[in-house]
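# Survey of secondary and tertiary structure
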Amino acid sequence: MKGKQGFIIFVILVLGLLFLYTFTAKEYPRIPADDFHRGVTAPSACLECHGTGRKYEMKKTHPPKFDCLKCHKPAK
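Presented here is a report on the structure given in the accompanying data block. Treat the numbers as computed from the prediction; the structure is a model and nothing was measured. (Residues numbered from 1 in each chain as written. Predicted model: local features only at pLDDT ≥ 70, side-chain atom pairs only at ≥ 80, totals over all residues. Heavy atoms only, no water.)

## Quick look at the overall build of the protein chain
Convention followed: The helix and strand labels rest on DSSP assignments: H or I over at least four residues marks a helix, E over at least two residues marks a strand, and numbering proceeds from the N terminus. As a reference, a globule follows 2.2 Å times the number of residues to the power 0.38, and the radius of gyration itself is taken over C-alpha atoms. By definition in these notes, contact holds between two residues if any of their heavy atoms fall within 4.5 Å.
Of regular secondary structure, the protein chain possesses three helices and zero strands. If you list the helices and strands of the protein chain from N to C, you get α-α-α. Here the C-alpha radius of gyration of the protein chain, 20 Å, is well above what a compact globule of 76 residues would show, namely 11 Å. When its C-alpha atoms are laid out on the principal axes, the protein chain stretches across 65 × 25 × 15 Å. Looking at the protein chain alone, contacts between residues at least 24 apart form 51% of all its contacts between residues at least 6 apart.

Here's what the structure looks like:
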């Protein structure tokens, strides 16, 4: 009986963590589907406009990760 209760509590905890993860996952802005962004496949192409001192510079709060396509996916 004690083993069953422990298992049930474990399952409830796992399901609760999965539920929380699902609803707290961050949504990142998508890469626009315009002609200018079409075919962007490398972070270096992103940094031409979004790099430090550029016209569309990333916000100061942006994490210092330069693997843009890891978080930002093309628009559908």
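## What about helix 1 (residues 2–24)?
Our working definition: Given a helix with a known number of residues, its expected span is that number minus one, times 1.5 Å. Relative accessibility decides the category of a residue: with a 1.4 Å probe and only protein chains considered, values under 20% of the type maximum give buried, values over 50% give exposed, and everything between is partly exposed.
With 23 residues, helix 1 should cover 33 Å at 1.5 Å per step; its first-to-last C-alpha distance of 33 Å lies within 8% of that length. Within helix 1, only zero of the 23 residues are buried, which leaves the element largely exposed.

## Brief notes about a nonpolar patch on the surface
Selection rule: Grouping into patches uses exposed residues only, defined as over 30% relative accessible area, and leaves out salt-bridged ones; the cut-off is 9 Å for like charges and 5 Å for nonpolar side chains (Val, Leu, Ile, Met, Phe, Trp, Tyr). Note that accessible areas follow from Shrake-Rupley with a 1.4 Å probe, and for residues the cover is restricted to the protein chains shown. When a carboxyl oxygen of Asp or Glu lies within 4 Å of a side-chain nitrogen of Lys or Arg, that pair is called a salt bridge.
Among the surface-exposed residues, F7, I8, F10, I12, V14, L15 and L18 lie close enough to one another that they form a single nonpolar patch of about 720 Å² accessible area. Tracing the chain through its elements places L15 in helix 1. Overall, the relative accessible area of 54% leaves L15 in the exposed class.

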